Amino acid sequence: MLNSRNRSSHSSHLLLLKGKAANLANGDRHSRLRLLAVSIVVLLITVAASTGSAHAPVELTAFVGTFGVAGIAVYVVLEAQDRSQALHEALQEVDNELLRAERTVRKQASKKRQLTASNQLKTARDHAAQMAKSARAEHAEHAKSAAAELSAKAARIRAIVTMLEDIESDHSLAEILKLAYEAQGYTVDAAVPDAEFDMLLTRKDLYTRIASRCLPAGRMAEPVDIAFLQEWIHGQALQRAHLVSLSGFSTECVALAARNEEIILIDPHMIAGWLETAGIL
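Let me sum up the structure you'll find in this document. (Residues numbered from 1 in each chain as written. Predicted model: local features only at pLDDT ≥ 70, side-chain atom pairs only at ≥ 80, totals over all residues. Heavy atoms only, no water.)

Comments concerning the pairing of strand β3 (residues 209-214)
Move 1: Most of β3 sits out of view: 5 of its 6 residues are buried.
Move 2: Strand direction decides the pairing type here: strand β2 (residues 198-203) and β3, joined by 5 bridges, are antiparallel. Looking at the pairing, L201 lines up with I210 of β3.
Move 3: In this structure, β3 lies alongside strand β4 (residues 240-244), joined through 5 bridges in parallel fashion. Looking across to β4, one finds that I210 is bridged to R240.
Move 4: Handedness of the β-α-β unit built from β3, helix α4 (residues 223-236) and β4 comes out right-handed. (Buried < 20%, exposed > 50% of the residue type's maximum accessible area, 1.4 Å probe, protein only. Helix = DSSP H or I, 4+ residues; strand = E, 2+ residues; numbered from the N terminus. Pairing = 2+ DSSP bridges. Right-handed = clockwise from strand over helix to strand, strands pointing away.)

Written out as structure tokens, the structure reads:
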């Protein structure tokens with residue numbers, strides 16, 4: 001409230017000063033006009049006196065004439081100053097108008113830039129939203145396609161497992177197992193041990209050698225099979241051994257294999273996964 005009162009008082013003071021200045025200006029104007037009128041009258045009197053029948057003294061005539069001329073000269077000078085001041089004020093007002101116009105143009109340009117930036121930001125956001133929507137749709141399509149592919153793969157693996165479990169010929173099982181190993185990059189050779197379907201697997205790098213025992217169809221793996229593979233590994237300095245059984249593994253066999261990292265239990269699902277990945281069957 002104090003600021004408001006101060007501003008009001010300041011505005012009133014300015015108005016009062018402007019009024020006084022205007023009065024002074026008007027007073028000066030009237031004074032100059034009176035001076036001009038008096039100077040002209042004096043000059044006319046001087047001329048009349050110098051040309052009339054009753055001649056006035058030359059000194060007096062010259063003095064009075066000089067006064068008239070000086071008055072007119074003062075009037076001319078003052079008028080020229082007023083005009084110069086008026087011209088200066090007019091030029092100042094023109095400069096002010098130019099400054100105001102420039103500020104207006106700048107504000108309009110700024111608003112235009114802000115509007116352009118806002119439109120560009122909106123366009124960018126809309127584009128990003130559209131890209132995100134497209135990405136989500138593409139991701140959903142890929143996820144759907146991947147899920148369908150996984151479902152189809154699982155169905156193929158289940159079909160292969162069923163086929164393996166229905167095999168009654170041990171020779172057929174051994175042939176299929178050999179195909180699965182070869183698909184994994186192994187070279188498969190017959191092994192020396194006494195079981196008919198024992199195999200020796202060798203990687204192409206020749207540094208990995210694995211023993212594989214494939215149990216006959218219908219026979220569950222037992223701890224004795226684990227013990228045999230352990231002797232085989234140690235006797236021929238092999239890296240690992242596979243115990244293949246389509247009929248499953250006894251609890252004791254699973255526990256023993258869990259304590260021995262060299263022994264890997266191979267069930268129908270693992271074989272089916274190898275065959276499905278290689279596109280066999």
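Notes on the packing of aromatic side chains
Move 1: In this structure the tally under the stated criterion is 3 aromatic pairs.
Move 2: Look at Y181 and Y186: their rings are 6.0 Å apart centre to centre, the planes differ by 90 degrees, and that puts the pair in the edge-to-face class.
Move 3: You can call Y186 buried: its relative accessible area is 10%.
Move 4: Note on F228 and W232: the rings are 5.9 Å apart at their centroids and 55 degrees apart in plane angle, and the pair reads as tilted. Of this pair, F228 and W232 both sit in helix α4, 4 residues apart, which is roughly one turn of the helix.
Move 5: Residue classification places W232 among the buried positions, given a relative accessible area of 6%.
Move 6: Through a chain of ring-to-ring contacts, the aromatic side chains of Y181, Y186 and W274 assemble into a single cluster.
Move 7: Between R203 and the ring centre of Y186, over which it is positioned, the NZ or CZ distance is 4.2 Å.
Move 8: Above the face of the F228 ring, R213 is positioned so that its terminal group lies 3.6 Å from the ring centre. (Phe/Tyr/Trp six-rings, centres within 6.5 Å; stacked < 30°, edge-to-face > 60°. Lys NZ or Arg CZ within 6 Å of the ring centre and 35° of its normal.)

Some thoughts on the pattern of salt bridges
Move 1: Tallying each qualifying case throughout the model produces 7 salt bridges.
Move 2: A salt bridge links K122 to D126; its shortest N-O distance comes to 3.1 Å. Of the two residues, K122 and D126 both sit in helix α2 (residues 58-165), 4 residues apart, roughly one turn of that helix.
Move 3: Given the relative accessible area of 43%, D126 is considered partly exposed.
Move 4: Put simply, D198 and R213 hold a salt bridge, and the shortest N to O gap is 2.8 Å. Separated by 15 residues along the polypeptide, D198 in strand β2 and R213 in strand β3 bring together distant segments of the chain.
Move 5: With a relative accessible area of 3%, D198 lands in the buried category.
Move 6: Sharing partners across several salt bridges, the network here consists of E149, K153, R156 and E276. (Salt bridge = Lys/Arg side-chain N within 4 Å of Asp/Glu carboxyl O.)

Observations concerning the nonpolar core
Move 1: Formed by 25 residues in total, the largest nonpolar core has its most connected members in L177, Y181, M199, L201, V244 and I271.
Move 2: Those elements giving two or more residues to this core turn out to be α2, α3 (170-183), β1 (186-190), β2, β3 and α6 (268-278).
Move 3: With 6 residues, α3 is the single largest residue contributor to this core.
Move 4: Apart from the residues within four sequence positions on either side, M199 is in contact with A174, L177, K178, Y181, V188, D189, A191, I210, A211, S212 and W232. (Core = buried A, V, L, I, M, F, W, Y, C linked by side-chain atoms within 4.5 Å. Contact = heavy atoms within 4.5 Å.)

Remarks on the sheet that holds β1
Move 1: What the 5 strands build is an open sheet, ordered β1-β2-β3-β4-β5; its pairing is mixed. Single-partner strands in this sheet number two, and they are β1 and β5 (263-266). The mean angle between the axes of side-by-side strands here comes to 25 degrees, regardless of whether they run parallel or antiparallel. (Axes fitted to C-alpha atoms, helices over the stretch in contact; angles between N-to-C directions.)

Description of the packing of α3 against α6
Move 1: Contact geometry for α3 and α6: axes closest at 9 Å, N-to-C directions at 60 degrees. As judged from the angle between their axes, α3 and α6 are oblique. Like other packed secondary-structure pairs, α3 and α6 cross with a definite hand, here left-handed. Between α3 and α6, the contacting residues are I176, L177, A180, Y181 and A183 on the first element and I271, W274, L275 and A278 on the second.
Move 2: Grouping the amino acids of the contact of α3 with α6 by side-chain chemistry returns 9 nonpolar, no polar and no charged. (Parallel < 35°, antiparallel > 145°, perpendicular 65-115°, else oblique. Left-handed = near helix turned anticlockwise from the far one by under 90°. Nonpolar A, V, L, I, M, F, W, Y, C, P; charged D, E, K, R; others polar.)

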